[in-house]
Every structure is written in structure tokens, then in C-alpha cells.
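Understanding the architecture of this molecule
The lines below spell out each chain.
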Amino acid sequence: MALDQPTPATTASVFFERREFQRILNLYGRMVSAGEWRDYAIDAQAEACSFSVFRKATEAPLYRIEKRPALAVRQGAWSVIGQGGVILKRGHDLEQVLRVFDKGRFKVVD
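Attention here is on the structure that accompanies the text.

Rules behind the numbers
- Residues numbered from 1 in each chain as written.
- Predicted model: local features only at pLDDT ≥ 70, side-chain atom pairs only at ≥ 80, totals over all residues.
- Heavy atoms only, no water.
- Helix = DSSP H or I, 4+ residues; strand = E, 2+ residues; numbered from the N terminus.
- Buried < 20%, exposed > 50% of the residue type's maximum accessible area, 1.4 Å probe, protein only.
- Pairing = 2+ DSSP bridges.

1. Some remarks on the environment of G35
Here G35 lies in the loop between α1 (18-33) and β1 (39-44). Judged by relative accessible area, G35 falls into the partly exposed class, the value being 36%. Between the alpha carbons of G35 and R55 there is a distance of 8.9 Å; along the sequence they are 20 residues apart.

2. Points about the pairing of strand β4 (residues 78-82)
Counting buried positions over the 5 residues of β4 gives 5, a clear majority of the element. Burial along β4 is two-sided: W78, V80 and G82 facing one way and S79 and I81 facing the other are all buried. Pairing between strand β3 (residues 63-67) and β4: 5 bridges, direction antiparallel. Its bridge partner lying in β4, Y63 is registered against G82.

Okay, structure coming up:
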């Protein structure tokens with residue numbers, strides 16, 4: 001490579017920290033054992049990462065748990081997004097945001 005050629009820019013992806021990912025997987029395991037969720041997908045991009053959960057693998061995701069660090073100061077980096085892009089909960093703390101899934105506070109309706 002010649003010295004006058006620009007080097008390609010590398011963009012780092014946002015991803016969950018180990019503690020955050022463990023907490024999300026604990027919730028996922030609890031919901032799978034309750035029979036509400038069946039599959040998941042993880043997506044990491046330059047500006048955000050998301051953990052999507054599905055009732056069936058062939059359907060659109062029921063929920064997305066999203067981490068978007070650029071919003072950490074203003075609205076909070078964490079959000080739970082329902083079907084159709086509706087934001088169900090947003091905040092600065094993962095535990096507080098995941099309370100939307102607590103039994104009795106939230107129920108999936110077919």
C-alpha cells in the first residue's frame with residue numbers, strides 16, 4: 001500500500017457488555033420457560049445493538065431490547081421496542097427498562 005493512499009476507516013460496533021448480556025439472557029430464559037418466547041436474534045451496528053425476541057422464527061420480532069449509547073445523556077441508552085416500532089420503555093438503567101416484562105405489569109395479547 002502506498003503511503004499517499006488513505007486507509008479504510010474501521011467502525012466499531014456497539015455491543016452489550018457481559019453483565020448486560022447476561023441479564024437479557026436471564027430474562028429470555030424465563031420467558032422461554034413460560035412459553036411466551038421461542039427464538040431470538042442479535043444485531044450489532046455502529047450506532048446501536050439490539051436483542052430481538054420472537055414467538056416464531058418466521059414472524060416479525062415481538063420486542064427489541066436496544067442499546068443506543070448516543071442517547072445515554074438525553075433519553076437513556078436503553079429501550080424496549082414493541083411491534084410496529086412503538087417504544088414501550090426507555091431509560092438510563094437496563095434493570096429499570098426490563099421491568100416492563102415483569103409478571104402482572106405486562107401481558108401479551110393475541
